[in-house]
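Coordinate inspection notes
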Amino acid sequence: MASIALKTFTGLRQSSEKTPHFAVQRPTKTHFQKARIVASKTSPKLGNRNLRVAVIGGGPAGGSAAETLAKGGVETFLIERKLDNCKPCGGAIPLCMVGEFDLPLDIIDRKVTKMKMISPSNVAVDIGRTLKPHEYIGMVRREILDAYLRDRAAENGAKVINGLFLKMDLPGDRNAPYLLHYTEYNGTKGGVGEKKTLEVDAVIGADGANSRVAKSIGSGDYEYAIAFQERVRIPEDKMAYYENLAEMYVGDDVSPDFYGWVFPKCDHVAVGTGTVTHKGDIKKFQLATRNRARDKIMGGQIIRVEAHPIPEHPRPRRLSGRVALVGDAAGYVTKCSGEGIYFAAKSGRMCAEAVVEGSENGKRMVEESDLRKYLEKWDKTYWPTYKVLDLLQKVFYRSNPAREAFVEMCADEYVQKMTFDSYLYKTVVPGNPLEDLKLAVNTIGSLVRANALRREMEKLSS
Ligand SMILES: Cc1cc2nc3c(=O)[nH]c(=O)nc-3n(C[C@H](O)[C@H](O)[C@H](O)COP(=O)(O)OP(=O)(O)OC[C@H]3O[C@@H](n4cnc5c(N)ncnc54)[C@H](O)[C@@H]3O)c2cc1C
């Protein structure tokens, strides 16, 4: 499935901060012309100081950006409003993130090697059968992962400020500084905090879905899903079932356009769901998800309830002057899977690399064209992935019969291998032509069966 779709879109690229939506905008001639702008090295050398960059937000995007900047010789400030932030999140990360970001294994709660996809009629398909012995999906608690990445940035020289970013004054001329306004908190003293300002040469907005940095530069809005999650502590014998297993539930009851999940954590499971189209019904969908998993989480105690927006597509504008957005602030969550942690960390790092390179390791002022290189690289690398997952969501999450067909297809080992390889390694996996053909026929078969089923259901209900 994934391979067929991926091939269709490989080679297309989306570029420029003006592209509002991966799903609808194709690159135009103008986009390509813009993408060809080459950084002029007319920016001044900085003399007796290094480039100063503020990263706003200390989630995976901010932590990774700050680490890369600090290692690259840039004077780095990381402003995070809550150093013990517990981001509402399923916490599933792909295997490649562990290697690429050199994550220690002790921050990973569970190594999931079995994934059950459960259809509207409760047909369960094991979709991890093709995993190799060393392969797994990592399950992390965000308070642990985020703190780890932030601390590592600090060890490499970033100055971490516990503060709430409020707004910024834009520079009056080409090389003038941005003036950031924030409230600094003192963790030990508590209280309302102290109003402060900071002058920097560039800003990376990593402050998540409700980004104030995005507002400061007029980035425009995006459509978003609301995701709801309960952390449920379940009896030990029940926890044993989820030792290395995660579940995904699909159906109109759990979400009209997303999926419900049960993900295992160290001593509890995270049960959640999301929706874009029926936000007002989110609690109803959450109850349905809990009901579907009822037998397996019976006797559990809800220890935390959390909800947060998930962006649906990139913001219309992700760059302005020497300010760039990364992670959720930019809108980098994939549809269908709702995955954003890896893309946040990766975009933070990629943006910081562009700053380090453009500033010649902090020795020179940067320009918008230096930061634009990050956007070009990002869009070129990930546009096909976003497009494919967008398409899959449209085809398979639109009705219960389509979801039944989807789960049926997931039983195919070839589908599993392609899907897991794409997820775990974030690469476009080359397919096997014969298997692709077989799969295309099977997919059509599943959809035809699903539609026939739907027609029968409609007849019965009319
Ligand atoms: C319920 C739910 C489940 C999810 N499950 C998964 C999953 O299983 N796997 C996956 O890959 N993705 C998942 N996601 C998506 C994932 O959580 C995000 O894509 C990811 O957190 C984005 O990282 P980020 O660093 O860009 O932003 P965030 O993680 O949102 O971090 C932003 C940081 O900025 C700080 N901040 C915000 N405003 C300010 C300010 N004004 N001043 C200072 N600091 C500020 C915040 O405190 C926060 O620490 C899920 C999302 C939700 C809501």
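Here is a short report on the structure shown in this document. (Residues numbered from 1 in each chain as written. Predicted model: local features only at pLDDT ≥ 70, side-chain atom pairs only at ≥ 80, totals over all residues. Heavy atoms only, no water.)

Quick look at helix H8 (residues 282–292) now. Buried within H8 are the following residues: Ile282, Phe285, Gln286, Ala288, Thr289 and Arg292. Relative to the axis of H8, the buried residues are bounded by an arc of 160° and lie together on one face. Facing away from the buried side of H8 by more than 90 degrees, the exposed set consists of Lys283 and Lys284. Tucked inside the fold, the buried residues of H8 contact strand S5 (114–118), strand S12 (224–233), strand S13 (245–251), strand S14 (255–264), strand S15 (269–275) and helix H9 (294–297). (Buried < 20%, exposed > 50% of the residue type's maximum accessible area, 1.4 Å probe, protein only. Helix = DSSP H or I, 4+ residues; strand = E, 2+ residues; numbered from the N terminus. Arc of directions from axis to C-beta. Contact = heavy atoms within 4.5 Å.)

So, on to the pattern of salt bridges. In total, this model carries 34 salt bridges according to the counting rule given. The partner of Lys71 in a salt bridge is Glu67, and the shortest N-O contact between them spans 3.0 Å. One end of the pair, Lys71, and the other, Glu67, are both in helix H3 (residues 60–71), 4 residues apart, so they sit about a helical turn from each other. The class of Lys71 is exposed, set by a relative accessible area of 55%. By relative accessible area, Glu67 is classed as buried at 6%. Residues Lys394 and Asp390 are paired through a salt bridge, measuring 3.2 Å at the closest nitrogen-oxygen approach. In this pair, Lys394 and Asp390 are both assigned in helix H12 (residues 368–396), 4 residues apart and thus about one turn of the helix distant. (Salt bridge = Lys/Arg side-chain N within 4 Å of Asp/Glu carboxyl O.)

At a closest axis distance of 7 Å, the pairing of H3 and helix H11 (residues 341–358) adopts a crossing angle of 30°. Comparing their axes, H11 and H3 come out roughly parallel. Judged by the twist between their axes, the crossing of H3 over H11 is right-handed. Note on element contacts: H11 touches H3 through Ile341, Ala344, Ala345, Gly348, Arg349, Ala352, Glu353, Val355 and Val356, opposite Pro60, Ala61, Ser64, Ala65, Thr68 and Leu69. When the residues that make up the contact of H3 with H11 are grouped by side-chain class, the tally is 10 nonpolar, 3 polar and 2 charged. (Axes fitted to C-alpha atoms, helices over the stretch in contact; angles between N-to-C directions. Parallel < 35°, antiparallel > 145°, perpendicular 65-115°, else oblique. Left-handed = near helix turned anticlockwise from the far one by under 90°. Nonpolar A, V, L, I, M, F, W, Y, C, P; charged D, E, K, R; others polar.)

Let us now look at the sheet that holds S13. The strand order across the open sheet built from 7 strands is S6-S5-S13-S14-S15-S12-S16, with neighbouring strands paired in mixed fashion. The strands lining the two open edges of the sheet, one partner per strand, are strand S6 (124–126) and strand S16 (301–311). Looking at each pair of strands side by side, their axes are set apart by 20° on average, direction ignored. As defined by bridge partners, S5 adjoins S13 across 5 bridges and the pair is classed as parallel. Following the sheet pairing, Ile118 is matched in S13 by Tyr249. Against the sheet, H8 makes contact with S5, S12, S13, S14, S15 and S16, and its axis sits at roughly 140° relative to S15, the strand it touches most. (Pairing = 2+ DSSP bridges.)

A word on the site of the ligand. Taken together, 36 residues sit near the ligand, with Glu80, Lys87, Gly90, Arg142 and Asp328 positioned nearest. Arg81 places a polar side-chain atom, nitrogen or oxygen, 2.9 Å from an oxygen atom of the ligand. The contact in question runs from an oxygen atom of the ligand to an N or O atom on the backbone of Gly91, over 3.1 Å. Among the elements that take part in the shell around the ligand, strand S8 (residues 159–169) stands out by supplying 3 residues, more than any other. Of the residues that constitute the shell around the ligand, the class distribution is 16 nonpolar, 12 polar and 8 charged. Two domains each put at least three residues into the shell around the ligand: domain 1 (43–85 + 143–221 + 315–389) and domain 2 (106–138 + 223–311). (Near = heavy atom within 4 Å. Polar contact = N/O pair within 3.5 Å; in protein donor to acceptor, adjacent residues only side chain to side chain. Domains from an automatic or database assignment.)

Take helix H14 (residues 413–425) next. Here H14 contains 13 residues, and its C-alpha end-to-end distance of 18 Å stays within 8% of the 18 Å for a straight helix at 1.5 Å per residue. Within H14 the residues assigned to the buried category are Tyr414, Val415, Gln416, Met418, Phe420, Asp421, Ser422, Tyr423 and Leu424. A distance of 2.7 Å separates the backbone nitrogen of Tyr414 from a side-chain oxygen at the start of H14, and that oxygen is part of Asp412. (Expected span 1.5 Å × (residues − 1).)

This part covers the packing of H3 against helix H5 (residues 142–155). Their axes nearest at 8 Å, the elements H3 and H5 cross at an angle of 15°. One element, H3, and the other, H5, form an angle in the roughly parallel class. When the axes of H3 and H5 are compared, the crossing they make is left-handed. Together, Pro60, Gly63, Ser64, Ala66, Glu67 and Ala70 of H3 and Arg142, Asp146, Leu149, Arg152 and Ala153 of H5 make up the contact between the two elements. By residue class, the composition of the contact of H3 with H5 is 5 nonpolar, 2 polar and 4 charged.

With that out of the way, let us pick up the sheet that holds S8. One open sheet holds the 8 strands; their spatial order is S10-S9-S8-S2-S1-S11-S18-S17, and the pairing between them is mixed. Strands with a single pairing partner mark the edges of an open sheet, and in this sheet they are strand S10 (194–200) and strand S17 (319–320).

In this section: empty space enclosed by the protein. The final tally for this structure, using the stated rule, is 2 cavities of 30 Å³ or more. As a volume, the second largest cavity reaches approximately 50 Å³. Forming the boundary of the second largest cavity are Ala225, Phe258, Ile310, Pro311, Glu312, Val333, Thr334, Lys335 and Gly338. Mapped onto the domain boundaries, the lining of the second largest cavity takes at least three residues apiece from domain 1 (43–85 + 143–221 + 315–389) and domain 2 (106–138 + 223–311). (1 Å grid on protein atoms, 1.4 Å probe; cavity = no way out; pocket = protein on both sides within 12 Å on 5 of 7 lines; lining within 4 Å. Points joined across faces, edges and corners; volume = space filled by probe spheres on them.)

Located in the positive-phi region is Asp102, a residue other than glycine, with phi close to 50°. Note that Asp102 resides in the loop between helix H4 (95–100) and strand S4 (110–112).

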